[in-house]
Amino acid sequence: MRASAIVLVWVAATLALAGYLALELTGEDRSLFLPGRTTDGHHQIELACDSCHSAFGGVRQQACLDCHAEELEAAEDSHGDRKFADPRNAADLERLDARRCVTCHTEHRPGITGAMGLTLPADFCLHCHAEVGEERPSHQGFGFDTCASGGCHKYHDNRSLYEDFLARHGRDPVNTVRGLLPPRSGGVLRDGGERTALAAEDTEAPAEVAPAGAEGGADASPELLAAWAASSHALTEVGCPDCHETGASGWTDRPEREMCGGCHELESRGFQAGRHGMRWAVGLASMSPAKARLPMRREALARTIDCGACHDVHGVDVRAAAVEGCLACHADEHSLAYVDSPHHRLWRREIAGEGEPGSGVSCATCHLPREQRRVAGEDRIVVEHNQNANLRPNEKMIRGVCMTCHSLALSVDALADRDLIRRNFDGRPARHVDSIDMALARLESGEQEP
């Protein structure tokens, strides 16, 4: 073959390959360009490359903060920027730039990535705390890789593990039962005024979906209308057109997901920050159990995870969403063990009317807890739909969830016992974490006040 022909073939092949790669890069499936396995925390959005990466500029620090800044602020980040802006820490920054998330959180390097998405070496803490064994006799002899052990120090969120908090609550009774779960706030009337519950005949729906007796109606969907009439939507004057009519487009049988967020803004924001809805936040299609890395029920793999996956959009039965909505998909050991757990027995008692409202413990009680928020100048109880707010590390849930019913000591020990977690806390912790004992001993020695 003549040299010119070889060049032409080479050019044509190069152009074809370039065209193919460009097509793949602009398409929805960019998996061809992934340099390695993504961590469990980010694998859902790994195909939205530009949500984290800038062209030829690596990962942007602001991309991390766009998703996690609010969480770090709420956690009173114990290693925030202000700590490292202190000139006294300049020498430490020369060894390790702790101001950038990617110093510790590096993707696509599974060989050196731990379960929480960290790539840092085991002796990371020694860069700044090498003298802790000399400063605190209680820490003498500890290995450098034990700092982040269960019940001990957490780099960002130490609210449940600060020494003063451990000392203040270290002697609490095992079962404190400080109170029941706070009742959910009622719906908010958008225009104010008196609350007037709507009935089936008040649907204002088109004739083909309205019940008999309603204006212009036929009896097409009595079950749906009956469910709606008994729901919190009807109680707060939210009728069919409020969700099903979208301006000039007229009636739609399947409202867009943004319709829910119009009234449930906080819940929608939390949903998009968590495992169920984070794909929405970067413009990808909804999550499905088939994309999950945790074990899921085979019959649920093709489901679409949106608001309606857990909530009956007409009946709005939050009790079903709190348990059945979760177990319809999740099939990991912890989830499957729930139905035989003490928590589930409490839940069944409440549902049967034998326990006080708020005394039951559902999946949502721990993973989507009720929290008090200030909304439009009013204190309201809302459900946190971002599971990440209570996981990784799981000590995040101590203050806002576990200590609603249990002591700090039991909570710390239970969350450090992996076998107990797998059994969904059926039994007592098989191990004991010494952090509270150490804090109390230090207090009693007069070294430090709580």
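Residue positions are counted from 1 within each chain, in the order its sequence is given. Per-residue local features are limited, in this predicted model, to residues with pLDDT of at least 70; the limit for side-chain atom pairs, both in listing and counting, is 80 or more; totals at the level of whole chains, interfaces and linings are taken over all residues. Excluding hydrogens and water, the side-chain values take into account all heavy atoms of the structure.

Colleague: Quick rundown of the overall build of the protein chain? Include the residues and the values.
Modeller: Here a strand is any run of E in DSSP of at least two residues, a helix any run of H or I of at least four, and the numbering for each starts at the N terminus. Assigned secondary structure in the protein chain consists of 23 helices and four strands. With a 1.4 Å probe rolled over the protein chains alone, any residue whose accessible area is under 20% of its type maximum counts as buried; one over 50% counts as exposed, and the rest are partly exposed. In the protein chain, buried positions account for 32% of the 450 residues. Excluding contacts between residues fewer than 6 apart, the proportion of contacts in the protein chain whose partners are at least 24 apart in sequence is 55%. All accessibility values rest on the Shrake-Rupley procedure with a 1.4 Å probe; residue burial counts only the protein chains present in the view. In the form shown here, the protein chain has an accessible surface area of approximately 26700 Å², with 55% of it arising from carbon and sulfur atoms. Note on contacts: a residue pair is in contact if any heavy atoms of the two residues lie within 4.5 Å.

Colleague: Quick one: what's the story with the pattern of salt bridges, residue by residue and with numbers?
Modeller: We define a salt bridge as a side-chain nitrogen of Lys or Arg found within 4 Å of a carboxyl oxygen belonging to Asp or Glu. Taken as a whole, this structure holds 19 salt bridges when the rule is applied. Lys 396 is the salt-bridge partner of Glu 71, the closest N and O atoms lying 2.5 Å from each other. Of this pair, Glu 71 sits in helix α2 (residues 61-74) while Lys 396 is found in the loop between β4 (378-383) and α20 (397-400), placing the two residues 325 residues apart along the sequence. Among the ionic pairs, Arg 136 bridges to Glu 163, the shortest N-O distance being 3.6 Å. Taken together, the positions of Arg 136 in the loop between α6 (132-135) and α7 (163-169) and Glu 163 in helix α7 put the pair 27 residues apart, joining distant regions of the chain. Of the residues examined, Arg 136 reaches a relative accessible area of 25% and is grouped as partly exposed. Several salt bridges converge on common partners, so that one network encompasses Arg 37, Asp 40 and Arg 293.

Colleague: Describe the nonpolar core, and please don't skip the residues or the numbers.
Modeller: The set of buried Ala, Val, Leu, Ile, Met, Phe, Trp, Tyr and Cys residues whose side-chain atoms join them within 4.5 Å is what this entry labels a nonpolar core. Ile 398 and Leu 408 are the most contacted members of the largest nonpolar core, which has 18 residues in total. The next biggest cluster of nonpolar side chains, apart from the first, holds nine residues, and it includes Ala 322, Leu 327, Trp 347 and Leu 368.

Colleague: Tell me what's going on with the environment of Glu 299, and back it up with residues and numbers.
Modeller: The topology assignment puts Glu 299 in the loop between α13 (278-281) and α14 (307-310). Note on Glu 299: relative accessible area 63%, which makes it exposed. Taking the C-alpha atoms as reference points, Glu 299 and Pro 289, separated by 10 residues in sequence, lie 9.7 Å from one another.

Colleague: Describe the side chain of His 169, listing the residues and the values that go with them.
Modeller: Positionally, His 169 belongs in helix α7. On the accessibility criterion, His 169 (17% relative accessible area) is buried. Pairing of N or O atoms within 3.5 Å defines a polar contact, subject to two protein rules: one partner must be a possible hydrogen donor and the other a possible acceptor, and residues neighboring in sequence count only if both atoms are side-chain atoms. A polar atom in the side chain of His 169 sits 3.1 Å from the side chain of Asp 172.

Colleague: Now, about the environment of Ala 322: what can you tell me, with residues and values included?
Modeller: Along the polypeptide, Ala 322 turns up in helix α15 (residues 318-322). Put simply, Ala 322 and Ser 362 are 40 residues apart on the chain and 5.9 Å apart in space, counted from C-alpha to C-alpha. Residues within four places of Ala 322 in sequence aside, it is in contact with Trp 347, Ser 362, Cys 363 and Ala 364.

Colleague: Give me the lowdown on the environment of Ile 45, citing residues and values where you can.
Modeller: In this structure, Ile 45 sits in the loop between α1 (3-26) and β1 (53-54). Residue Ile 45 is classed as buried on the basis of its relative accessible area of 9%. A C-alpha to C-alpha distance of 9.2 Å links Ile 45 and Gly 283, two positions 238 residues apart in sequence. In this view, Ile 45 contacts Ser 51, Met 278, Arg 279, Val 282 and Leu 284; residues no more than four positions away in its chain are not counted.

Colleague: I'd like to hear about the confidence of the model for the protein chain, residue by residue, with values.
Modeller: Caution applies to low-pLDDT regions: their predicted coordinates should not be interpreted in detail. Residues of the protein chain with pLDDT of at least 70 account for 86%, and the chain-wide mean is 83. The score called pLDDT rates the predictor's confidence residue by residue, from a low of 0 to a high of 100. Averaged pLDDT values for the elements of the protein chain fall to 66 in α1 and rise to 97 in helix α17 (residues 333-336). Taken as a whole, residues 188-193 scores under 50 in pLDDT and shows 10 contacts with residues more than four places along the chain or in a different chain. Confidence over residues 212-220 falls short of pLDDT 50; this stretch has 16 contacts with residues more than four positions distant or in other chains.

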